[in-house]
Amino acid sequence: MKILILTCGGTIISPARDGSTVTAEKARPEAGQYMIEELKGYEFFEATMIEKFGKLPEFKSEFITDTDSTNVGPDEWRMMVETIVNKYDQFDGFLLAHGTNSLAYTASALSFALPNLGKPVIVTGSNVAMGLPWSDGPANASNSILTIGEMMKLKYHGVFTVFANKIISGVRTKKSSGVQLDAFRTFNRDEDVGKCIKDKPIFNHGEYKSYRPWLAGCDSDSPWKSLDPAERSHELREVHTDFGGNISSHTFHPGDNPQVYELVIRELARLREQKGSPGGMIIRAVGDGDVSSQMQKNVYKCAQSHEIPVVVTTQEPHGVSRLTANRVSKDAVKKYGAIPAHDMSIETMVIKLRYLMSRGLEYDELHSEFLKSYLGEVDVS
């Protein structure tokens, strides 16, 4: 089994010296080899891998960035995608060592970037650097490798996060804690795709199929349903690397001045017209996705007149924004074209909006496409 490790910055590849962690900015470009050596020194690692696969997997590494993951964005995502595409035929699976701050955004971006993916791509990280004795990095990386092997055995493919024994869909990955080792969860779903129990990844096959909607027996209207990658395909027929554009995200508070939002909308429209950079807005509203009547009348109307898409989600941690609770919220959709986010995470909202905007869709078409579930990232029922 051949695995390519992409080092993308973050704590997991930050060398630890004298009991302290060197910041990610100082992590070396050869951090991939450092990570491999740390893994080989992890208790029972080699014995477990040989028992599972007959021999130690063959590892190679590719340097993407050494920056703190807060700085990872569209340019780095493009580099990751291009590396996977260029090395696709040479490896059985891909493991991204990533910082936790923006890991969920990257997992979602790769999911939309590689719709025809026929191999496993796993994103992982750690809250403690691998060189420290209490690090969660070796366990997360080992579980990721075991998951790649199990996915090969099951002929499973796609982008998933492996963290603290959980296997999570790339489009449902949510960071829930910056201090606990169990730092990620599946957003707005009752179950994870799978769990790593001791040295065995156990998949919930029904959950897995909900994120690969073109699989046989899975009823779905996904725009990607017609894609049917061959088992462990050696060809990526569709790749998306453009996640540009401008998105302005706002949390609504009672008493907000609509003029502030309107200024932003006009600036987004100006950037689109003068620089060709598409723009959109996300509003974290209250309840079912409600804002004040004054906000709705002025902000949504302004956005509609400038053809700036506005996605409306909720501030409730596990809430769902349907914009159906009352007449006012229904009017936001019917009259002014607001887009309800339903049960989608903020990370995937941003990625999906960037993905759709970069395709050059018309304003009305983007609204309808946003509500379609490509990879099980949204449930509009």
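In case you missed it, the structure is sitting above this.
The structure reproduced in this document is the subject of the present report. In this text the structure is predicted, and so the values were computed from the model without any measurement.

Rules behind the numbers
Residues numbered from 1 in each chain as written. Predicted model: local features only at pLDDT ≥ 70, side-chain atom pairs only at ≥ 80, totals over all residues. Heavy atoms only, no water. Helix = DSSP H or I, 4+ residues; strand = E, 2+ residues; numbered from the N terminus. Rg over C-alpha atoms; globule rule 2.2 N^0.38 Å. Buried < 20%, exposed > 50% of the residue type's maximum accessible area, 1.4 Å probe, protein only. Contact = heavy atoms within 4.5 Å. Areas by Shrake-Rupley, 256 points an atom, 1.4 Å probe, with all protein chains shown as cover. Pairing = 2+ DSSP bridges. Axes fitted to C-alpha atoms, helices over the stretch in contact; angles between N-to-C directions. Salt bridge = Lys/Arg side-chain N within 4 Å of Asp/Glu carboxyl O.

1. Regarding the overall build of the protein
Turning to step 1, where the next piece is worked out: Scanning the protein from terminus to terminus reveals eleven helices and 16 strands.
Turning to step 2, where the next piece is worked out: For the protein, the C-alpha radius of gyration of 21 Å lies close to 21 Å, the compact-globule estimate for 381 residues.
Turning to step 3, where the next piece is worked out: Taken over the C-alpha atoms alone, the protein extends approximately 65 × 50 × 40 Å along its principal axes.
Turning to step 4, where the next piece is worked out: Within the protein, buried positions represent 56% of all 381 residues.
Turning to step 5, where the next piece is worked out: Taking contacts inside the protein between residues at least 6 apart in sequence as the whole, the part at least 24 apart equals 72%.
Turning to step 6, where the next piece is worked out: Total accessible area on the protein is roughly 16100 Å²; 47% of this is exposed by carbon and sulfur atoms.

2. Quick notes on the sheet that holds strand β11 (residues 194-197)
Turning to step 1, where the next piece is worked out: Spatially, the eight strands line up as an open sheet ordered β4-β1-β5-β6-β7-β8-β11-β12, and their pairing is mixed. Strands at the two margins of the open sheet, each flanked by one partner only, are β4 (58-65) and β12 (200-203). For this sheet, the mean inter-axis angle between neighbouring strands, taken without regard to orientation, is 25 degrees.
Turning to step 2, where the next piece is worked out: Here strand β1 (residues 2-8) runs beside strand β5 (residues 93-98); their pairing, made up of six bridges, is parallel. Residue pairing in the sheet places Cys8 in a bridge with His98 of β5.
Turning to step 3, where the next piece is worked out: Contacting β1, β4 and β5, helix α1 (residues 31-40) runs over the sheet at an angle of about 120 degrees to β1.

3. Considerations on unusual backbone geometry
Turning to step 1, where the next piece is worked out: Not every positive phi belongs to a glycine, and Ala164 is a case in point at roughly 50 degrees.
Turning to step 2, where the next piece is worked out: Judged by its relative accessible area of 22%, Ala164 falls in the partly exposed class.
Turning to step 3, where the next piece is worked out: Residue His342 is not a glycine yet carries a positive backbone phi of 55 degrees.
Turning to step 4, where the next piece is worked out: Following the sequence through the fold, His342 ends up in the loop between β16 (339-340) and α10 (346-358).
Turning to step 5, where the next piece is worked out: Using a relative accessible area of 8% as the deciding quantity, one classes His342 as buried.

4. A short note on the pattern of salt bridges
Turning to step 1, where the next piece is worked out: Counted under the stated rule, the structure contains 14 salt bridges.
Turning to step 2, where the next piece is worked out: One salt bridge in this structure joins Arg78 and Asp75, with 3.3 Å as the shortest N-O distance. Residue Arg78 and its partner Asp75 are both found in helix α3 (residues 74-86); the two are separated by three residues, about one turn of the helix.
Turning to step 3, where the next piece is worked out: On the accessibility criterion, Arg78 (30% relative accessible area) is partly exposed.

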